[in-house]
Amino acid sequence: ANFRDLLTEVGGRVQSMIEGQILDKFPDHVFLGEEDVPSGGVAAAAALEAKLEEAKESDTWLWIIDPVDGTTNLAYSLPLCCVSIGLVYKGEVR
């Protein structure tokens, strides 16, 4: 495995941990995690649109998660990375 694979693994594990904690409290909520979306703006926009529609149809909340925001910084051991989480309800960021 190369370093990029390791970063993907870290992101996937962090995302799974966050989703698991939230699902324990809110089992009907919907998630869109960066690790679940193919790279590229078109794929990201399509995934967001689909998840927004799913949350709307289910009348529930949508959590948008970037488990390692600043992946390049992490790769170079720069302490400038974080977890980013957005929460949307009925099409509005809360």
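Residues numbered from 1 in each chain as written. Predicted model: local features only at pLDDT ≥ 70, side-chain atom pairs only at ≥ 80, totals over all residues. Heavy atoms only, no water.

*Asks:* For the side chain of threonine 60, give the residues involved together with the corresponding values.
*Replies:* Tracing the chain through its elements places threonine 60 in the loop between α2 (41-58) and β2 (61-69). Relative accessible area serves as the criterion here: at 3%, threonine 60 is assigned to the buried category. (Helix = DSSP H or I, 4+ residues; strand = E, 2+ residues; numbered from the N terminus. Buried < 20%, exposed > 50% of the residue type's maximum accessible area, 1.4 Å probe, protein only.)

*Asks:* Lay out the pattern of salt bridges in plain terms, naming residues and giving numbers.
*Replies:* One pass over the full model with this rule turns up three salt bridges. We note a salt bridge from glutamate 54 to lysine 51, for which the minimum N-O separation is 3.4 Å. Here glutamate 54 pairs with lysine 51, and both are found in helix α2, just three residues apart, close to one helical turn. The exposure class of glutamate 54 is partly exposed, given its relative accessible area of 36%. Put simply, aspartate 59 and lysine 90 hold a salt bridge, and the shortest N to O gap is 3.8 Å. Remark: lysine 90 occurs in the loop between β3 (82-89) and β4 (92-93) and aspartate 59 occurs in the loop between α2 and β2; sequence separation between them is 31 residues. A relative accessible area of 58% places lysine 90 in the exposed class. (Salt bridge = Lys/Arg side-chain N within 4 Å of Asp/Glu carboxyl O.)

*Asks:* How would you sum up the environment of leucine 62? Please name residues and give values.
*Replies:* Secondary-structure assignment places leucine 62 in strand β2. Sequence spacing of leucine 62 and valine 88 is 26 residues, and the spatial spacing of their C-alpha atoms is 5.0 Å.

*Asks:* Describe in detail the sheet that holds β4, supporting the description with residues and values.
*Replies:* Across the sheet, four strands lie side by side as β1-β2-β3-β4; this open sheet has mixed pairing. Sheet topology places β1 (30-33) and β4 at the edges, where each strand pairs with a single neighbour. Bridge analysis of β2 against β3 gives seven bridges, and the strand direction is antiparallel. Following the sheet pairing, aspartate 66 is matched in β3 by serine 84. Set on the sheet, α2 makes contact with β1, β2 and β3; between it and β1 the angle comes to about 170°. (Pairing = 2+ DSSP bridges. Contact = heavy atoms within 4.5 Å. Axes fitted to C-alpha atoms, helices over the stretch in contact; angles between N-to-C directions.)

*Asks:* Explain the nonpolar core to me, using residue names and the numbers behind them.
*Replies:* One finds Val30, Leu32, Val37, Ala47, Ala55, Leu62 and Val88 forming the largest nonpolar core, which totals seven residues. For this core, the secondary structure elements donating two or more residues are β1 and α2. If near-sequence neighbours (up to four positions away) are discounted, valine 88 is found in contact with Leu52, Thr60, Trp61, Leu62, Ile64 and Val93. Of all hydrophobic cores here, the second largest spans six residues; its members include Ile22, Phe31, Trp63 and Leu87. (Core = buried A, V, L, I, M, F, W, Y, C linked by side-chain atoms within 4.5 Å.)

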